[in-house]
Amino acid sequence: MKFIGFILSRLGHGLLIMLGVLVAVFFLFNVLPGDPVAMLAGQRSDLSTREAITKDLGLDKPLPAQLLYYINDVSPLSVHEDTEANQQKYEYKTIVYFGDDVLVWKMPYLRRSFQSNKPVTDILLDHFPGTLWLAVAAMLIATVFGILFGVLASLKPHSTLDHTLITTSVLGISVPSFVAAILIAITFGFYWSDWTGLSLTGQLYEIDPFEGKELKLQNLLLPAFALGIRPLAVIVQLTRSSMLDVMSQDYIRTARAKGLNRSKVVVGHALKNALNPVVTAASGWMASLMAGAFFIEYIFNWKGLGSVTIQAVQNLDFPLVMGATLFVAFLFVLINIFVDLLYAALDPRVKLD
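Residues numbered from 1 in each chain as written. Predicted model: local features only at pLDDT ≥ 70, side-chain atom pairs only at ≥ 80, totals over all residues. Heavy atoms only, no water.

Visitor: Kindly report on the overall build of the protein chain, identifying the contributing residues and their values.
Guide: When you go through the protein chain residue by residue, the secondary structure sums to 14 helices and five strands. A principal-axis box enclosing the C-alpha atoms of the protein chain has dimensions of 85 × 60 × 40 Å. Every one of the 353 residues in the protein chain was classed for burial, and the buried ones make up 38%. A total of about 20100 Å² of accessible surface is found on the protein chain, and carbon and sulfur atoms cover 65% of it. Averaged over its 26 positive side-chain charges, the protein chain has a centre that lies 14 Å from the centre of its 27 negative ones. (Helix = DSSP H or I, 4+ residues; strand = E, 2+ residues; numbered from the N terminus. Buried < 20%, exposed > 50% of the residue type's maximum accessible area, 1.4 Å probe, protein only. Areas by Shrake-Rupley, 256 points an atom, 1.4 Å probe, with all protein chains shown as cover. Lys, Arg positive; Asp, Glu negative; His and termini not counted. Charge placed at Lys NZ, Arg CZ, Asp CG, Glu CD.)

Visitor: Account for the packing of aromatic side chains, naming residues and giving values.
Guide: For the structure shown, the criterion picks out nine aromatic pairs. Between Phe 128 and Phe 327, the ring centres sit 5.2 Å apart and the planes meet at 90°, which makes this aromatic pair edge-to-face. Pair noted here: Phe 128 is in helix α6 (residues 120-155) and Phe 327 is in helix α14 (residues 318-346), with a separation of 199 residues, a long-range link. Here Phe 128 and Phe 327 have matching classes, each one buried. Aromatic rings pair up to connect Phe 26, Phe 27, Tyr 70 and Phe 318 into one cluster. (Phe/Tyr/Trp six-rings, centres within 6.5 Å; stacked < 30°, edge-to-face > 60°.)

Visitor: Give a description of the nonpolar core that names residues and reports values.
Guide: Residues Tyr 70, Leu 124 and Met 243 are the most contacted members of the largest nonpolar core, which totals 74 residues. For this core, the leading source of residues is helix α12 (residues 262-300), giving 15 residues. Excluding residues that lie within four positions of it along the chain, Met 243 makes contacts with Val 151, Ser 154, Val 266, Ala 270, Leu 271 and Ala 274. The next biggest cluster of nonpolar side chains, apart from the first, holds five residues, and it includes Tyr 92, Val 102, Val 104 and Tyr 109. (Core = buried A, V, L, I, M, F, W, Y, C linked by side-chain atoms within 4.5 Å. Contact = heavy atoms within 4.5 Å.)

Visitor: Now, about the UniProt feature "transmembrane region" (unreviewed entry) in the protein chain: what can you tell me, with residues and values included?
Guide: Feature annotation in UniProt places "transmembrane region" (unreviewed entry) on residues 12-32, 132-153, 165-192, 278-300 and 320-346, given in this structure's numbering. Taken end to end, residues 165-192 is 89% helix and 0% strand, and its first and last C-alpha atoms sit 24 Å apart. (UniProt positions renumbered as here; feature names shortened; annotations may be inferred.)

Visitor: Could you give an account of a nonpolar patch on the surface, naming the residues involved and the relevant values?
Guide: A cluster of nonpolar residues, Phe 178, Val 179, Ile 182, Leu 183, Ile 186, Phe 190, Tyr 191, Trp 192, Trp 195, Leu 200 and Phe 295, forms a patch on the protein surface that exposes about 1200 Å² of accessible area. Turning to its location among the elements, Phe 178 is positioned in helix α8 (residues 177-191). Residue class for Phe 178 comes out partly exposed when judged on its relative accessible area of 45%. (Patch = residues over 30% accessible without salt bridge, like charges linked within 9 Å, V, L, I, M, F, W, Y side chains within 5 Å. Salt bridge = Lys/Arg side-chain N within 4 Å of Asp/Glu carboxyl O.)

Visitor: Give a detailed account of the environment of Ser 307, specifying residues and quantitative values.
Guide: Following the sequence through the fold, Ser 307 ends up in helix α13 (residues 305-314). By relative accessible area, which is 10% here, Ser 307 ends up buried. C-alpha separation for the pair Ser 307 and Thr 325, spaced 18 residues apart in sequence, amounts to 13 Å. Dropping the residues within four chain positions of it, Ser 307 is found in contact with Phe 294, Glu 297 and Trp 302. Within polar-contact distance, the side chain of Ser 307 engages the backbone oxygen of Trp 302 at 3.0 Å. (Polar contact = N/O pair within 3.5 Å; in protein donor to acceptor, adjacent residues only side chain to side chain.)

Visitor: Explain the packing of helix α7 (residues 160-174) against helix α10 (residues 218-247) residue by residue, including any values.
Guide: Running from N to C, α7 and α10 point in directions that differ by 140°, and their axes come no closer than 8 Å. With respect to each other, α7 and α10 are oriented oblique. The two elements α7 and α10 cross, and the hand of that crossing is left-handed. Every residue of α10 that contacts α7 at Asp 162, Ile 166, Ser 169, Val 170, Gly 172, Ile 173 and Ser 174 is listed here: Ile 229, Arg 230, Ala 233, Val 234, Val 236, Gln 237 and Arg 240. Looking at the contact of α7 with α10, its residues break down into seven nonpolar, four polar and three charged. (Axes fitted to C-alpha atoms, helices over the stretch in contact; angles between N-to-C directions. Parallel < 35°, antiparallel > 145°, perpendicular 65-115°, else oblique. Left-handed = near helix turned anticlockwise from the far one by under 90°. Nonpolar A, V, L, I, M, F, W, Y, C, P; charged D, E, K, R; others polar.)

Visitor: Please provide a residue-by-residue account of α13, values included.
Guide: With respect to burial, α13 is a largely interior element, seven of its ten residues being buried. Turning to α13, its buried residues are Leu 305, Gly 306, Ser 307, Val 308, Thr 309, Ile 310 and Ala 312. Phi for Leu 316, located one or two positions after α13, is positive at around 55°.

Visitor: Can you explain the sheet that holds strand β2 (residues 93-98)? Please cite residues and give values.
Guide: Consider a sheet: its strands pair through backbone hydrogen bonds, and that pairing is either parallel or antiparallel. Spatial ordering of the open sheet is given by β1-β3-β2, a layout of three strands whose pairing is antiparallel. Each of the sheet's edge strands pairs with one partner strand only, and the pair in question is β1 (77-81) and β2. Within the sheet, the average angular offset between the axes of one strand and its neighbour, ignoring direction, is 30°. Where β1 meets strand β3 (residues 101-105), five bridges bridge the pair, whose relative direction is antiparallel. Each residue of the ladder has a partner; that of Val 79, found in β3, is Leu 103. (Pairing = 2+ DSSP bridges.)

Visitor: Kindly report on the domain arrangement of the protein chain, identifying the contributing residues and their values.
Guide: If you check the domain split of the protein chain, you get domain 1 (75-109) and domain 2 (120-346). A straight line from the C-alpha centre of domain 1 to that of domain 2 covers 42 Å. (Domains from an automatic or database assignment.)

In structure tokens, the structure reads:
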């Protein structure tokens, strides 16, 4: 019961966070100039078409009413007029009838893009795999090399190697990701491209006229490395600190006194117990990397949520911006719940309240 209560409590907090994000972005975007009806209908559309679009989007209502109308569209549990058009639009399952209106259960309706007129949900799902692969690759690079460098630094504290790794990690934390991405792109994807074989831009899958669709993992290296620099630096310092603490414990000295070789002591005893904070930190970074990938994708022209969202902001594509913002906020909520559960599983001192 405590586990279920914990999940429900975190979901409730997450719902409030998403509601706050929705309200903030909604009012922020509605103060910007632009005519969404003209973007959807086109400049040569007639008056009746414009009026139909205005009514469908609720733009004929005051701003607070438009907000409630949007929340009703996004909410899985919502009230709609029971018409054939709404049935096709929302694809809902009726729960309770209220005269002409019905309480329904449906997938969140994020409306249609002003630019392409495609469903926002389809656009997000089409671009999400690119961001997911980029974030996972960046986290993999950060975790593997962060733990390796952190262990090396802890084995020879205050040595030249230790000072070099710590100084480099501080630099990695200090430099903004988009600055590091620009430097990496220019250096390895342009000036040294003949030696690295890498390019400034490219997608995970590319279409070859003869071979068809091909997987191009090399295109993932530069953006993933640029995105993973900051978590890598944090994991280096966290691993080093945790290893130094564990290596000073009594059971490590006992293991050494028994005659175990150094590799078994470090890997089999010290590292195993030092990884708890590292694992939870790495899990927590996933949510940040999903959001941090936005500018990295734009710099490397990577097909993902970031590139499509930035283009939507530039084009004042309100439904796509709102949909992407809510989608990322939802991912933050889910990942944070997972991290809380993982931390409780790894550390018995933590209780689910």
